[in-house]
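Structural overview
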Amino acid sequence: MAAKRTPSGKAAAVAQGKPAPKARPAAPPGVRRPALRANPYEMLKAGILDGTFEPGSPLVEVQLAEWCGVSRTPVREALTRLEQDGLIQRSDRGYVVKARSPEEIFDIYEVRVVLEALASRTAAERHTRVDLLRLEHALNAWEKATGRSDPSEQQKRNQEFHRAVWAASHSEPLVDLLERLSLHLSRYPATTLTAPGRRESSLEEHRQMLDAIRGRDADGAAELATSHFTAALDIRLAMFEQDVF
Ligand SMILES: [Zn+2]
C-alpha cells in the first residue's frame, strides 16, 4: 500500500492555509540574479501528481494564482493545458482534479498492453548496440534495487527499463503516446511492485524481454510484453478491490 504523501515546503504551507514561505536565499553582494519565473503549469501538474491537490478537489483560479505567485492569466493558461493532458476536468464548480476509477485504470492498462507490446516488438527489430547497453544497464540497476526495501526506488528503476525499451523502438510517435499514457498512470501512485512475488517475477520477465530483444525475436518480445503488462493490470484491479489505488 502506498503511503499518502505529505506535501512539503511551499505546497504544505498552502495546503494548510498558511502563507507560502519565502525560501529563496539572498544573492551574494553585488550579484544581480535573473528573476525566477514561476511556471504555474509545472507547479500545478506536480501538485496534482504528488497528491497535494486531491482527486475531485476544486481548482480555484484566484487561490492558485496566489499559490503560484503569478497573476490569473498564466494560471488560466496552465489549467487549459492540464485539461488537455487529461489531469483535470470541467464541472459545474469550474475545474476539478480528475477523480480516479477502476474503469479508467482498466482503460489505461488496456491501451498500455498494446503500446508496450508494439514498443517491445519494434525494439527487437530496430535496436542498436547502444540501446542494448542502455537496456542492460537499466536491468542491472533494477536487479540491485530489488534487494532494497524502498518501493519508489524500485519503481524508478522499473520505469527506466521500460523507457529504455521505448527508446530502442526508435519510434517518436510511439514514445509520445507512451509518455502521455504514463502521465495518466501517475495519477495512480500505488505501485504493482509491492504485490507479493511481483518484484521477483517482474525481474525475470524483464530478463526474458531483454533476451528476446537482443535476439531480434520480434514476436517473442511482443508476447512477453503483453503478458508482463496483462499481469500488471490484474494486480492493479486486485489492488482496487482492496482499496489501494
Ligand atoms: Zn516491468
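Placed above this text is the structure.
Presented here is an overview of the structure given in this document. Nothing here was measured: the structure is a model prediction, and the numbers come from that model. All residue numbers refer to position in the chain's written sequence, counted from 1. It should be noted that, the model being predicted, local features are given only for residues of pLDDT at least 70 and side-chain atom pairs only at 80 or more, the latter also being counted only at that level, while totals for whole chains, interfaces and linings use all residues.

Pairing between strands is defined by DSSP: at least two bridges between the two strands are required. In this text, helices come from DSSP runs of H or I with a minimum length of four residues, and strands from runs of E with a minimum of two, each type numbered from the N-terminal end. Where strand S1 (residues 88-91) meets strand S2 (residues 94-97), 4 bridges bridge the pair, whose relative direction is antiparallel. Its bridge partner lying in S2, Ser-91 is registered against Gly-94. Connecting S1 to the antiparallel partner S2 that follows it, the hairpin turn spans 2 residues.

What follows covers the environment of Arg-81. Along the polypeptide, Arg-81 turns up in helix H4 (residues 72-85). Along the sequence, Arg-81 and Tyr-41 sit 40 residues apart, while their C-alpha atoms lie 7.4 Å from each other.

The subject of this paragraph is the packing of helix H2 (residues 40-49) against H4. Axis separation between H2 and H4 bottoms out at 8 Å; the angle between their running directions is 50°. With respect to H4, the axis of H2 lies oblique. Here H2 and H4 pass one another in a crossing that is right-handed. Contacts from Pro-40, Tyr-41, Leu-44 and Lys-45 of H2 reach H4 at Pro-74, Val-75, Ala-78, Arg-81 and Leu-82. Think of each axis as a best-fit line through the C-alpha atoms, taken over the contacting stretch in the case of a helix, with angles from 0 to 180 degrees between the N-to-C directions. Roughly parallel here means an angle under 35 degrees, roughly antiparallel means over 145, roughly perpendicular means 65 to 115, and every remaining angle is called oblique. Take the far helix as the reference: if the near one is turned anticlockwise from it by less than a right angle, the crossing is left-handed, and if turned clockwise, right-handed. What counts as a contact is two residues whose backbone-derived C-beta atoms lie within 7 Å of each other.

Direction vectors running N to C along helix H5 (residues 102-126) and helix H8 (residues 172-185) enclose 145°, while the axes themselves pass 10 Å from each other. For the pair H5 and H8, the sense of crossing is left-handed. Here H5 contributes Ile-108, Val-111, Arg-112, Leu-115, Leu-118, Ala-119 and Thr-122 to the contact with H8, which in turn contributes Leu-174, Leu-177, Leu-178, Leu-181, His-184 and Leu-185. Along the lines of polarity and charge, the residues of the contact of H5 with H8 split into 10 nonpolar, 2 polar and 1 charged. Residue type decides the class: Asp, Glu, Lys and Arg count as charged, Ala, Val, Leu, Ile, Met, Phe, Trp, Tyr, Cys and Pro as nonpolar, and the leftover types, Gly among them, as polar.

Below, the discussion takes up the nonpolar core. Ranked by internal contacts, the top residues of the largest apolar core, which has 28 residues, are Ala-123, Leu-135, Val-165, Met-209, Ile-213, Ala-221 and Ala-225. Looking at this core, the elements with two or more residues in it are H5, helix H6 (129-145), helix H7 (151-169), helix H9 (198-214) and helix H10 (218-241). Here this core gets 7 residues from one element, more than from any other, and that element is H5. In this structure, Val-165 is in contact with Ala-119, Ser-120, Ala-123 and Leu-135, ignoring residues within four places of it in sequence. With 16 residues, the next largest nonpolar core counts Met-43, Leu-64, Cys-68 and Leu-82 among its residues. Each nonpolar core reported here comprises buried Ala, Val, Leu, Ile, Met, Phe, Trp, Tyr and Cys residues connected via C-beta atoms within 7 Å. Three exposure classes are used, based on other C-beta atoms lying within 10 Å of a residue's own C-beta, which is placed from the backbone: buried for 20 or more, exposed for 12 or fewer, and partly exposed in between.

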